[in-house]
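Below are the chains, spelled out letter by letter.
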Amino acid sequence: MIQAFGLTSNPRKGLPLALDDVSFEARAGHVTVLLGAPGAGKTTALRLMLELQQGRGMTYFRGRPLHRIAHPSREVGVLLGDVPGHPARTVRGHLRMLCAAAGVPVRRADEVLEAVGLVSLRDERLGTLSRGMDRRLGLACALLADPHTLVLDHPADGLSERESRWLHGLLRAHAAQGGTVLSTTADPKEAARTADRVVTLDQGRLVADQEAAHFARNRLRPRVAVRTPHAARLAAALTKEARTARHSVEVVQEDGNRLSVYGSTCADIGEAAFRHRILVHQLADEVGDMGPGADGCNADSTHAGQETGGQGGEPGPVPARDDRPSGDTPHEEQPTAAAGAPSPEPGRSTQNPPSTSTGAGPRPTPTAPVPAATDTATAPVKRPVAPGVVGAGRGAGESAVTPVGESVAPGGTGPGPAAAAATEPPAQPASPDGRPDDPPAAAGPARAPIGGPSDPSRALEGALPALPPPIAVRSAPSPLRPLRYELRRAAGISTGFLTGAAVLIVSALTSLVLARIGHTSQARLLAAWPVQLPLPPAALGAGLLGALAFGDEFRHPALAADRGSVPRRLGLLTAKLLVSALTALTLAFLTAGCDAEVLYLVHGREFTQVPADWFQLGASWLALTVGCAWAGVLAAGVFRSTTAGLAAVVAVPVAVVPLVQKAVESASVRTAAGFPVRLREVLLSQWPFGGDRYVAAALRVVTQPVGGALTLSLSGLLCAYLLTTMRSRAR
């Protein structure tokens, strides 16, 4: 069950609120639809509920806010927009990667593929999927962790009619199993056909919250669409005949040569056109949308246009109808027009299209925008109340909020909202947690006012409405199995393999050119590292693969498909460092081996002899490639870009090495040479397994200009990454 209370977006300069104090609930076992035109605030409501956007309000998923749920993906499945996966990744590979992130078995990927009908496309690339297949994949991602609640933003957008029926059938089956489904749409016919309850939004405000059958009776009406080049003549003829026969017919002239006729049939309109010799291009039965203003159960507003009664043709108001089903009592009823507002004169046109109404039967409610005044209401809405809320007025003249399940009938024992506002004092504003700021006098000892009886701050406090608590945007959770996730992410696309192949080819060619030129040491030949280049190809390739580890996450945020921000967690960072180190070591061994084989095939054994100090050179070579890979990972994580990660790798020998070289030209190298011996003398113990050799080799690597610069760069990048992580958590 979803309970949303007081969802309000942050104010924008010079613009109205995208969402203003919206409260509703979506029950378990039901399909609830948020209905509204583009810009009504549907997506903003979902983003506030999922804590993806700053604002105010509270949302409970089965009694808990989202940030209090240990594993949100197992409770709420989200589909917002397209699937942000790498276009070169396969459908099955993408789902297997998300299985590791959600902590579910890998076989779950095949199960959801079968559920959404993508088994035949499991080896297709994400970049080649059509719009309909992409929506199916997004639904599969939402269902991957078997959540109880589904929150979907326009799930049928871009789907064919057949695919839409399949989608709504799947959502209905999920609700039948006890789950909660909340989706958005802009089509009222789709909402009435697929939902159990419809919540209507208009210009950021809640207009109606009603059952689907009730919504269909009040907002959707059958009509006949007519296209004729003589629209005015046909409208006058239909109006005249309906007045003569005393039939209730509503004729609305749309844009161009189109008419919408309510209360008639295609046969009657065709016969009337034939009798008056009027050419007709189209006659079709449709279901007309009365607009958000028609969602009110007892909305009684004067229709803009000429209204002709059935008795003698005199204009007059038509009595309002009450189409509420028995037992559905409105929570509160208020007049649809502001007090003192002049009513439109008969026959005077307004912003609505011109229309002609005949008869005393029902007529469509105008689709004018809902007034934003606080003393005007267009629909009786049942609004849920947060736990602990006794009553909080939204302002002067409004009644207190009634808890869910209670209602006040107009003819009940208690006074209605209008009478209560006139006879009772204003409701006391509530604090963000739902408790009154000042308890009644009977509840405890009276509290002395701070500034005396006439303290202006006390008067201002009583006049201001209560504000819902603020919504803080939090980063996405870390993968539950980060190492498996990173391995599947790196192996799921061909970028790493192509980069490794390119590095091996460039290194082999470079080593051949250096051997042909001569005057190059044996170590530089095996590493394919010319003196003119800042780094060898293997180190640059390792740095690029390390930068891609975080760069692809920010470019295609599969971990945060609904948030767009990659989690900066130490577990994810550790997994990326381990995988990048393994990749760099593999690349270093393959590069040295391939260079040696190529030199042996072309020039013989003289260029493939092993150097005497192979241990120190090998340690330096492996440390260089691993350090470049880690520098790429950390820099891309800090600066959120693959290019920035690769630039940091290149900046180490270009900018940092000259600075470090001046520092190591002193006696520090000679001092570090005897460090293991002096440490052994201090500890009075022998190094096990010849550990002094390894310590000495490590110190020699660090004290070299490139090694020292790389160590210094890694330390700075790691500190910057930890600082940004702690800063985001503090926020």
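Above: the structure in question.
About the cut-offs
- Throughout this description, residue numbers start from 1 for each chain and increase along the sequence as written.
- For a predicted model such as this one, the threshold for reporting local features is a pLDDT of at least 70, and the threshold for listing and counting side-chain atom pairs is 80 or more; totals across whole chains, interfaces and linings nevertheless cover every residue.
- Hydrogens and waters are ignored; side-chain quantities use all the structure's heavy atoms.
- A run of DSSP states H or I qualifies as a helix once it reaches four residues; a run of E qualifies as a strand once it reaches two. Both are numbered from the N-terminal end.
- Burial here depends on accessible area, computed with a 1.4 Å probe over protein chains only, as a share of the maximum for the residue type. Under 20% is buried, over 50% is exposed, and the range in between is partly exposed.
- One less than the number of residues in a helix, times 1.5 Å, gives the span that helix is expected to have.
- We define a nonpolar core as any set of buried Ala, Val, Leu, Ile, Met, Phe, Trp, Tyr and Cys residues linked to one another through side-chain atoms lying within 4.5 Å.
- Strand pairing is assigned whenever DSSP detects at least two bridges linking the two strands.
- Throughout this description, a polar contact denotes any pair of N or O atoms lying within 3.5 Å of each other; where both atoms belong to protein, one of them has to be capable of donating a hydrogen while the other can accept it, and for residues adjacent in sequence the pair is counted only when both atoms sit in side chains.
- Contact criterion: two residues are considered in contact whenever any of their non-hydrogen atoms come within 4.5 Å of each other.
- Pairing of aromatic rings covers Phe, Tyr and the six-membered ring of Trp, with a centre-to-centre limit of 6.5 Å; geometry is then stacked below 30 degrees between planes, edge-to-face above 60, and tilted otherwise.
- Whether a charge sits over a ring depends on NZ of Lys or CZ of Arg being within 6 Å of the ring centre and within 35 degrees of the ring normal.
- Criterion for a salt bridge: a side-chain nitrogen of Lys or Arg within 4 Å of a carboxyl oxygen of Asp or Glu.
- Simply put, an axis is a line fit to the C-alpha atoms, just over the touching stretch for a helix, and the angle between two N-to-C directions goes from 0 to 180 degrees.

The subject of this paragraph is unusual backbone geometry. Glycine aside, the phi torsion of most residues is negative, and most peptide linkages are trans. Unlike most non-glycine residues, D21 shows phi in positive territory, near 55°. Note on placement: D21 falls in the loop between β1 (2-9) and β2 (22-26). The class for D21 is buried, based on a relative accessible area of 13%. Residues other than glycine seldom take positive phi values, yet D146 does so here, at roughly 55°. Checked against the element boundaries, D146 lands in the loop between α5 (131-143) and β6 (149-152). On the basis of relative accessibility, which here comes to 55%, the residue D146 falls in the exposed class.

Since the α-helix packs 3.6 residues into each turn, any two residues three or four apart lie on the same face. For helix α14 (residues 495-517), which comprises 23 residues, the first-to-last C-alpha distance of 33 Å matches the rise-based estimate of 33 Å (1.5 Å per residue) to within 8%. Of all the residues in α14, the buried ones are T499, G500, V503, S507, A508, T510, S511, L514 and A515. Taken from the residues just after α14, G518 is the one with a positive phi, measuring 85°.

If you look at the biggest cluster of nonpolar residues, it comprises 86 residues, and the most contacted ones within it are L137 and F550. One finds L46, L48, L50 and V151 within the second-largest nonpolar core, a separate group that totals 27 residues.

Take the pairing of strand β3 (residues 31-35) next. β3 sits mainly inside the fold: five of its five residues count as buried. Along β3, one buried face is formed by V31, V33 and L35 and the opposite face, lined by T32 and L34, is buried too. Where β3 meets strand β7 (residues 180-185), five bridges bridge the pair, whose relative direction is parallel. When the bridges of β7 are listed, V33 appears paired with S183.

This brings us to the side chain of D196. Turning to its location among the elements, D196 is positioned in the loop between α7 (188-194) and β8 (197-202). A distance of 2.6 Å separates the side chain of D196 from the side chain of R172, its partner in a polar contact. Once residues within four sequence positions are removed from consideration, D196 is found in contact with G29, H30, V31, R172, E211 and A212.

The next point concerns the packing of aromatic side chains. Enumeration over the complete set of coordinates arrives at four aromatic pairs. Taking 6.0 Å as the distance between ring centres and 40° as the angle between the ring planes, the aromatic pair formed by F550 and Y721 counts as tilted. Here the residue F550 occupies a position in helix α16 (residues 537-555), and Y721 occupies one in helix α23 (residues 705-730), the gap between them amounting to 171 residues. Taken individually, F550 and Y721 each receive the classification buried, so the pair is uniform in this respect. A centroid spacing of 6.0 Å and a plane angle of 85° characterise the contact between W614 and F615, whose relative ring orientation is edge-to-face. In this structure F615 comes out as partly exposed when scored by relative accessible area, which is 29%. Grouped by ring-pair contacts, the aromatic residues F550, F554 and Y721 constitute a single cluster. The ring centre of W529 lies 4.9 Å from the NZ or CZ of R524, which sits over that ring. If you follow K576 out to its NZ or CZ, it ends over the ring of F550, 5.1 Å from the centre.

It is worth spelling out the pattern of salt bridges at this point. Applying the stated rule across the entire model yields 18 salt bridges. By sharing partners, the salt bridges in this structure join E486, R489, E553 and K576 into a single network.

On to the sheet that holds β2, then. If you walk across this open sheet you meet the four strands as β2-β1-β4-β16, and the pairing is antiparallel. Looking at the sheet topology across the chains shown, the edges are occupied by β2 and β16 (470-471). Across six bridges, the pairing between β1 and strand β4 (residues 55-61) is antiparallel. Bridge pairing in β4 links T8 to R56. Its contacts with the sheet put helix α1 (residues 42-49) on β1, β2, β4 and β16, and the angle it makes with β1 is roughly 115°.

Most of β1 sits out of view: eight of its eight residues are buried. Pairing geometry for β1 and β2, over four bridges, is antiparallel. Its bridge partner being in β2, I2 is matched across the sheet by A26.

Here the focus is the sheet that holds strand β9 (residues 205-211). Backbone hydrogen bonds hold the strands of a sheet together, and the pairing may be parallel or antiparallel. Reading across from one edge, β5-β6-β7-β3-β8-β9 is the order of the six strands in this open sheet, with mixed pairing throughout. Edge positions in the open sheet fall to β5 (76-79) and β9, since each of these has one partner strand only. The sheet shows a mean angle of 15° between the axes of neighbouring strands, direction not considered. Note: β6 against β7, four bridges, orientation parallel. Within the sheet, the bridge partner assigned to L150 lies in β7 and is V181. The strands that α5 touches are β5 and β6; relative to β5, the one it contacts most, it runs at about 160°.

None of this, on its own, says anything about what the molecule does.
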